[in-house]
Amino acid sequence: MLRRAAVLAGVLVVLAAGCSSPARPKPPPPPTGVLRLGFTTGLADAPVLAGLQMGYFSAGLGAVTVDPVPFPTTAAEALAVQRGQVDAAYLDPMAAVAVWQSAGQSGIKVIAGVASGGAELVVRRGITSASQLARAPVVAPPASAQEVALHWWLKQNNMAGSGPGNVTMSAAYLAAALKSGRLAGAWEPAPADAQLTAAGGHVLVDEASLWPGGKFSTAVLVVTTTFLARHAAAVSLLLRAQIQAGQFTATDPAAARAAAGRELAAVGAAVPAPVLAQGFGQLQFSVDPLTGSVLAEAQHAAAAGLLEPVTSLAGLFDLGPLNVLLKSSGLRQV
């Protein structure tokens, strides 16, 4: 009887083991560490400016600490990306292409769009046509989409030999040079263009008028391939924060404008409220990087000798992680 009971107990143990569910794998630990995030004080980077103020890039990244790194110019930010001094950056699209080309087309990836529009050629009083700019001092920020636009526009107006300069000047210096006559005009992004018009200049060319539907990329979000390979989960969290910040900037522009203004003041680049409003009104914010316009801009740059010739930018973009998040949130993929 005892032997029979022991056999039955053994059978029950075997059956219980066979019916038990396999142990579920433990979820991976949340990503940790520091993400050095570059941006400039231009309004094309408004989503990160507003997002930093609103906490999207702190609470949204959990255990990953964002180290915001502001840059005064596109050229300085591009150099920092190239040297690996930041892990991700809100970058001018032509600066992104230049870094990508210089790194053997493997150093960075564009993982999202940021902004479209917001660039103008502002000239001094009395200038009303392209012909008046022949051999005149006209400038644009170096290593930027605005420099490319200026070269291309001059070429289209048969003034390719007028020699547009590419200089780094503060908006205040540009305004003073425009007033004094030392400068004929400047192709600048927001808010610098708005600051120039506030100082007495007038818009000769709104760059949006040169593009189908007025849409052209003026900022993209890039990440170094090294950081992406090592910290894909952190990049996904960064993209989630970017989507939230972009939606906030697009759906509540007044609140986003105020938040961006506070961030600009915090990094020592305060902009008067009227200028901020004017510059903000020129921009559209979206995670769509507008790949077609980036390719067209890059081809314009190559024609001006500012970039190496390019027929495709397919290797520059990695929109897979962004589209996974957009799809899971019921948003339109890009």
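Each chain has its residues counted from 1, following the order in which its sequence is written. Totals for whole chains, interfaces and linings use every residue, but because this is a predicted model, local features are given only for residues with pLDDT of at least 70 and side-chain atom pairs only at 80 or more, for both listing and counting. Side-chain numbers here rest on the full set of heavy atoms in the structure, without hydrogens or water.

**Considering helix α10 (residues 253–266)**
Worth spelling out the cut-off: To qualify as a helix, a DSSP run of H or I must reach at least 4 residues; to qualify as a strand, a run of E must reach at least 2; elements of each kind are numbered from the N terminus. Helix span is expected to be 1.5 Å times the residue number reduced by one. Residue burial is assigned from relative accessible area. The probe radius is 1.4 Å, only protein chains are included, and a residue is buried under 20% of its type maximum, exposed over 50%, and partly exposed in between. For this analysis, residues touch if any pair of their heavy atoms sits within 4.5 Å.
With 14 residues, α10 should reach 20 Å at 1.5 Å per residue; the first-to-last C-alpha distance of 19 Å fits that figure. Every buried residue of α10 is listed here: Ala256, Ala259, Ala260, Gly261, Glu263 and Leu264. In this structure, the buried residues of α10 make contact with β1 (33–40), α2 (46–54), α9 (232–251) and α11 (273–280). Just downstream of α10 lies Gly268, where phi reads positive at about 80°.

**A closer look at the confidence of the model for the chain**
We count it as follows: A residue's pLDDT is the confidence the predictor assigns to it, expressed on a 0 to 100 scale.
Across the chain, the average pLDDT comes to 87, with 88% of residues at 70 or higher. Across residues 1–21, where pLDDT falls below 50, the model places zero contacts with residues more than four positions away in sequence or in other chains.

**Looking at the layout of surface pockets**
What counts, and what does not: Only protein atoms enter the calculation, which uses a 1 Å grid: trapped sets of points that fit a 1.4 Å probe without letting it out are cavities, open sets showing protein on both sides within 12 Å along at least five of seven lines are pockets, and any residue with an atom within 4 Å of a point is a lining residue. Grid points are joined across faces, edges and corners, and a volume is the space filled by probe spheres set on the points.
Reported here for the largest pocket is a volume of approximately 710 Å³. If you go around the largest pocket, you meet 38 residues; those closest to its centre are Thr41, Gly42, Pro72, Pro189 and Ala192. Every element with two or more residues in the lining of the largest pocket is listed here: α3 (74–82), β3 (88–91), α6 (171–180), β8 (185–189), α7 (192–198) and β10 (217–224). Considering every element that reaches the lining of the largest pocket, the biggest residue donor is α3, with three residues.

**Observations regarding the nonpolar core**
So the rule is basically this: Definition of nonpolar core: a set of buried residues of the types Ala, Val, Leu, Ile, Met, Phe, Trp, Tyr and Cys, connected through side-chain atoms within 4.5 Å.
In this structure, Leu37, Phe57, Met94, Val97, Leu221 and Leu313 are the most contacted members of the largest nonpolar core, which totals 77 residues. If you tally residues by element for this core, the top one is α9, at eight residues. If sequence neighbours within four positions are ignored, Leu313 has contacts with Val97, Trp100, Val294, Leu295 and Ala298. In this structure, Ala130, Ala136, Leu150 and Trp153 belong to the second largest nonpolar core, which totals 20 residues.

**Focus: the packing of aromatic side chains**
Convention followed: Two rings belonging to Phe, Tyr or Trp (six-membered ring only in the last case) form a pair when the distance between their centres is within 6.5 Å. Interplanar angles under 30 degrees mark stacking, angles over 60 mark edge-to-face geometry, and anything in between is tilted. Charge-over-ring placement is defined geometrically: NZ (Lys) or CZ (Arg) within 6 Å of the ring centre, and within 35 degrees of the ring normal.
Enumeration according to the criterion identifies five aromatic pairs in this entry. Ring centres of Phe57 and Tyr90 lie 6.5 Å apart, and the angle between their planes is 85°; this geometry places the pair in the edge-to-face category. With Phe57 in the loop between α2 and β2 (64–71) and Tyr90 in strand β3, this residue pair connects regions lying 33 residues apart in the sequence. Grouping residues by exposure puts Phe57 and Tyr90 together as buried. Look at Phe280 and Phe285: their rings are 5.4 Å apart centre to centre, the planes differ by 50°, and that puts the pair in the tilted class. Of the two residues examined, Phe280 and Phe285, each falls in the buried class. The lysine or arginine in question, Arg182, covers the ring of Tyr173, its NZ or CZ lying 5.5 Å from the ring centre.

**Remarks on the sheet that holds β10**
Defined as follows: Note on pairing: two strands pair once DSSP finds at least 2 bridges between them. Structural elements are reduced to axes, namely lines fitted to C-alpha atoms, with helices fitted over the stretch in contact, and the angle between N-to-C directions of any two is expressed from 0 to 180 degrees.
Reading across from one edge, β2-β1-β3-β10-β4-β11 is the order of the six strands in this open sheet, with mixed pairing throughout. Of all the strands in the sheet, just β2 and β11 (283–285) have a single pairing partner and so form its edges. For this sheet, the mean angle separating the axes of adjacent strands, direction not counted, is 25°. The strands touched by α3 are β1, β2, β3 and β4 (108–117); relative to β3, the strand with the most contacts, the crossing angle is about 155°.

**Here's the deal with the environment of Ser217**
Relative to the assigned elements, Ser217 resides in strand β10. When the C-alpha atoms of Ser217 and Met94 are compared, they prove to be 9.4 Å apart, with 123 residues separating the residues in sequence. Dropping the residues within four chain positions of it, Ser217 is found in contact with Pro93, Ala115, Pro289, Leu290, Ser293, Val294 and Glu297.

**Looking at the environment of Pro289**
With respect to the helices, strands and loops of the structure, Pro289 is situated in the loop between β11 and α12 (291–303). On the accessibility criterion, Pro289 (1% relative accessible area) is buried. Counting along the chain gives 174 residues from Pro289 to Ala115, while the straight-line C-alpha distance between them is 7.8 Å. Excluding residues that lie within four positions of it along the chain, Pro289 makes contacts with Val110, Ala112, Gly113, Ser217, Val220, Val294, Phe317, Leu319 and Val334.

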